Amino acid sequence: MVNKYVIGIDCSTTASKAIAWDIHGKAVAEGRASYPLLQPHSTWYEQNAEQWWSGTCSALKDLSSKIDIAMVEALGVTHQRESFVPVNAQGCPVRNAILWLDERSRDQVDFLVNTFGGAILHQITGKPPAVTPSLSKIIWLIQNEPDVIQRSAKFLDVHAFLIHRLTGEFRTSLACADPMGLVDMQARAWFSQLILELGLRLDQFPDLVSPGEVIGYVSRAAASETGLPAGLPVIAGAGDGQCAGLGANAGSGRAYLNLGTAVVSGAYSPAYTTSPEFRTLYAPIPGSYFLETVLRGGVFTVNWFVEKFASDLG
């Protein structure tokens, strides 16, 4: 039997990885490219979103040197969640991306609670107001960088940014958008009332596609930059935390723990439910959910300690 492959891209906080999997679910080759974190202030974390794309292109070219790229049948994307970038109508960033690690928006979390009600937002979006989701940081931009808002045709999560570069379409997966804190989880649509009350437009957000569906096809321009075949189907993905749960085969009666840049644990739910004890996200398989807790300082904290205090210990 001729071996066919699918490629999974993971555009994370520190690097973009591209892995080829065979029809038996075995990883056969990998490409990787790192990119830096930017820290303009002590609690701010940003990245140049163009490096998400250039890193992904480098990782894919590295991978394509190790496999027969003509044998690839589809491509999927997972990514660091909550991180987002405002772009113009051509999909070019109008400022640096603001990451999930960023804590500049504490005052905006208070604004959300006082204006909309924390319990109401949690029930609708699945997430309590906090500094991690994109929502409070978009409000920070509204209040502190109104020129950026005026120049922003779209606000894109990492998945949406890469999908636009790969296919030319402004689309993203429901399971990639929902960590932003702007999705009405039961309606499976952008939370239009909230978006409009913030003075934003619904057309400033990408179209939503269910995870697992074809979201587009690799364009000729993207093929020349990545080495992928033009016309390759691109499948709507999910955030890295949800994909970790899927990869751990978390289902009924089973939980998962992911020791990444953050420490994430969660459990499967067949129904939408909310509680102060967890946040609720779409699982990668439509019609199911993950109930999740997050410790933001995971391996990121360990790496910081090693770099600052243990780098000379050998």
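Please refer to the structure higher up on the page.
Everything in this summary refers to the structure shown in the same document. Note that the structure is predicted; figures quoted are calculated from it, not measured.

1. Brief notes about the side chain of Ser 269
With respect to the secondary-structure elements, Ser 269 resides in strand 16 (residues 263-269). Engagement of the side chain of Ser 269 in a polar contact is seen with the backbone oxygen of Ala 271, the distance being 2.6 Å.

2. So, a nonpolar patch on the surface
A surface patch of nonpolar side chains, amounting to about 520 Å² of accessible area, comprises Val 302, Trp 304, Phe 305, Val 306 and Phe 309. Positionally, Phe 309 belongs in helix 11 (residues 299-310). Take Phe 309: its relative accessible area is 54%, and that puts it in the exposed class.

3. Describing the packing of aromatic side chains
For the coordinates displayed, the defined rule picks out eight aromatic pairs. With a centroid separation of 6.5 Å and 85° between ring planes, the pair formed by Phe 111 and Phe 116 is classed as edge-to-face. Looking at Phe 111, the relative accessible area reads 30%, which means it is partly exposed. An aromatic cluster is defined as three or more aromatic residues linked by ring pairs; in this entry it consists of Phe 155, Trp 190 and Phe 205. The ring of Trp 140 has Arg 104 sitting right over it, with the charged end atom 4.8 Å from the ring centre. Over the ring of Tyr 282 we find Arg 188; its NZ or CZ atom is 5.1 Å from the centre of that ring.

4. Concerning the environment of Leu 174
Its location among the elements puts Leu 174 in helix 7 (residues 174-177). Residue classification places Leu 174 among the buried positions, given a relative accessible area of 3%. Setting aside its immediate chain neighbours within four residues, Leu 174 contacts Val 183, Arg 188, Ala 189, Leu 208, Val 209, Ser 210, Pro 211 and Tyr 282.

5. Observations concerning unusual backbone geometry
Here the phi dihedral of Glu 82 falls at roughly 70°; this positive angle occurs in a residue that is not glycine. Residue position: Glu 82 is located in the loop between strand 5 (72-79) and strand 6 (84-87). Positive phi is not limited to glycine here, since Asn 249 has a value of about 60°. Along the chain, the position of Asn 249 falls in the loop between helix 10 (240-247) and strand 15 (255-259). When its relative accessible area of 53% is taken as the criterion, Asn 249 is described as exposed.

6. What to know about helix 1 (residues 49-64)
Look at helix 1: 23 Å from first C-alpha to last across 16 residues, which is about the 22 Å you get at 1.5 Å a residue. All buried positions along helix 1 are accounted for by Ala 49, Trp 52, Trp 53, Gly 55, Thr 56, Cys 57, Ala 59, Leu 60 and Leu 63. The opening residue of helix 1, the one whose side-chain oxygen lies 3.0 Å from the backbone nitrogen of Glu 50, is Asn 48.

What counts as what
- The numbering scheme is per chain: residues are counted from 1 as the chain's sequence reads.
- Only residues with pLDDT of at least 70 get local features here, since the model is predicted, and only at 80 or more are side-chain atom pairs given and counted; chain-wide, interface and lining totals rely on the full set of residues.
- Excluding hydrogens and water, the side-chain values take into account all heavy atoms of the structure.
- Numbered from the N terminus, helices here are DSSP runs of H or I no shorter than four residues, and strands are runs of E no shorter than two.
- Here a polar contact is taken to be a pair of N or O atoms separated by no more than 3.5 Å, where protein atoms must pair a possible hydrogen donor with a possible acceptor and residues adjacent in sequence count only if both atoms sit in side chains.
- Patch definition: residues above 30% relative accessible area lacking any salt bridge, with like charges linked at up to 9 Å and the nonpolar side chains Val, Leu, Ile, Met, Phe, Trp and Tyr linked at up to 5 Å.
- Reported accessibility uses the Shrake-Rupley method at a 1.4 Å probe radius. Residues are deemed covered only where the shown protein chains occlude them.
- Whenever a carboxyl oxygen of Asp or Glu lies within 4 Å of a side-chain nitrogen of Lys or Arg, that contact is scored as a salt bridge.
- Three labels apply to residues, based on accessible area from a 1.4 Å probe with only protein chains included: buried if under 20% of the type maximum, exposed if over 50%, partly exposed otherwise in between.
- Any pair of Phe, Tyr and Trp rings, taking the six-membered ring for Trp, is counted once the centres come within 6.5 Å. Such a pair is stacked with planes under 30 degrees apart, edge-to-face with planes over 60 apart, and tilted for the rest.
- Any Lys NZ or Arg CZ that is within 6 Å of a ring centre and within 35 degrees of that ring's normal is treated as a charge sitting over the ring.
- Contact criterion: two residues are considered in contact whenever any of their non-hydrogen atoms come within 4.5 Å of each other.
- Each helix should span, by expectation, one fewer than its residue count multiplied by 1.5 Å.

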